[in-house]
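# Architecture and fold: a report
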Amino acid sequence: MTFFADLHIHSKYSLATSKEMNPETLRRWAAIKGISVLGTGDFTHPVWSRELEEKLEPFGEGLFKLKMDHGSDHLPASINKDVFFLLTAEISCIYRKHGKTRRLHSLLLAPGFDEVMKINKALAKIGNLRSDGRPILGLDGKELLKIALDASDKVMFIPAHAWTPHFSVFGAGSGFDSLEECFEELTPHIHAIETGLSSDPPMNWRVSALDGVTLVSNSDAHSPAKIGREANILGCQMSYQGITEAIRSKRGFLGTVEFFPQEGKYYHDGHRTCGVNLTPGEAKEYNLICPVCKKKLTTGVLHRVEQLADRQEGVRPDGAPSFYSLIPLVEIIAGVFALGPGTKTVNRIYDNLVAQLGSELSILMHAAPEDIGAVASPSIGEAVRRMRSGEIRIEPGFDGEYGKIRIMDRVKQPC
């Protein structure tokens, strides 16, 4: 069985998230996107954890489904309505180590509410779990890993968006130069890292030390429509054990769905306030100082990968899974017609495509361009074809600013 899993999202209890991030809406949007297994996010938050226990029921080993979901009756017949939840949470650790302040975000996967309770009980002694769905704790990342392992050896710990400048294990602003520097003797328990929106597998392949871990991708969605913008492709038993074992062993881990990393918010070096967007080479010429305001530039993911790389571009490790660089369907539609992604016209075209051709991921990856064109517009079919072949232009993102993608020149808006 092949399916998509998006294991890193947030609930309505995290800061800067949509109030629609509730189980019912998450389940609906996961189905529309083509995600079969969705992380719950935020299991450390007591109110959200309680809501999950009330609304979910076990389905198989370590997965859950909604007890009642009347909303599924209104979903298009073209999509698979089976969506299951896996208990997950992201935790922010801010602490001093080796004379430097570290800011580490980590993703935890848990097989059940008993393990969640053990983790939450330990973390509640350290910080306030109610203040944010992604709690901020003064806790060494290695100690968080130890707490996870003490709860159960089935709990999986994954460094989140591993290259993001400010809050990640390899981040230029507060990270480490190796997994071992961060996790020391517990490093063998790290079986995966999350690539994040601003890096993709080929960038990570340049660091040979990462050959032994699985490169996972997730949306880190803060609103329902962002679900599935990155995801994992699995060919294993649809269960907690099946998924985590595939990540550990790479057997049954078939690949990932990726952003074009240039579209990510931290691909290039730069300074958003001054509008300065630089390649690593250009930033070096300015000694990593903004040429406008003379303050320090934010070192982007591309630059940070180059700092740690011990391989040239283009090297692919033996057995590396496949990856597929995609652009969200609403962005494609909006770009073709030069409309805002939230406009009624874009939403109408999107809904019609899903109703006729299936989930968003199936459209982006498999639908024939001529079929897309017949349902929506030949220009959209052509845009999808160009996306698949990489015939796109991107103004890279930098210092918190998303990159701008252009696939085609503007065409006449549909009636």
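As the structure is a computational prediction, the values presented were derived from the model and not from experiment.

All right, on to helix α3 (residues 113-124) then. With twelve residues, α3 ought to run about 16 Å at 1.5 Å a step, and its terminal C-alpha atoms sit 16 Å apart, in line with that. Within the span of α3, buried status applies to Phe113, Glu115, Val116, Ile119, Asn120 and Leu123. One face of α3 carries all of its buried residues, which in axial projection span an arc of 150°. Turned more than 90 degrees from where α3 packs its buried face, Asp114, Met117 and Lys121 sit exposed. Elements in contact with the buried residues of α3: α2 (46-55), β4 (63-66), β5 (84-97), β6 (100-110), β7 (136-137) and α4 (141-151).

We now examine the packing of aromatic side chains. Scanning the entire structure with this criterion turns up six aromatic pairs. With centroids separated by 4.9 Å and ring planes inclined at 40°, the aromatic side chains of Trp163 and Phe170 adopt a geometry described as tilted. Trp163 gets classed as buried once you look at its relative accessible area, which sits at 1%. Looking at Phe170, the relative accessible area reads 3%, which means it is buried.

The next subject is the pattern of salt bridges. Within this structure, the stated rule accounts for 17 salt bridges. In this structure, the salt-bridge partner of Arg102 is Glu181, at a minimum N-O distance of 3.8 Å. With a gap of 79 residues between them, Arg102 in strand β6 and Glu181 in helix α5 (residues 179-183) connect regions that are remote in the sequence. With its nearest N and O atoms 2.5 Å apart, the salt bridge here joins Arg311 to Asp211. Taken as a pair, Arg311 in the loop between α9 (301-308) and β15 (322-325) and Asp211 in the loop between α6 (201-205) and β10 (214-216) lie far apart in primary sequence, 100 residues in all. One salt-bridge network, in which partners are shared between bridges, spans Lys97, Asp140, Lys142, Glu184 and Glu185.

So, how was this worked out
- Residues numbered from 1 in each chain as written.
- Predicted model: local features only at pLDDT ≥ 70, side-chain atom pairs only at ≥ 80, totals over all residues.
- Heavy atoms only, no water.
- Helix = DSSP H or I, 4+ residues; strand = E, 2+ residues; numbered from the N terminus.
- Expected span 1.5 Å × (residues − 1).
- Buried < 20%, exposed > 50% of the residue type's maximum accessible area, 1.4 Å probe, protein only.
- Arc of directions from axis to C-beta.
- Contact = heavy atoms within 4.5 Å.
- Phe/Tyr/Trp six-rings, centres within 6.5 Å; stacked < 30°, edge-to-face > 60°.
- Salt bridge = Lys/Arg side-chain N within 4 Å of Asp/Glu carboxyl O.

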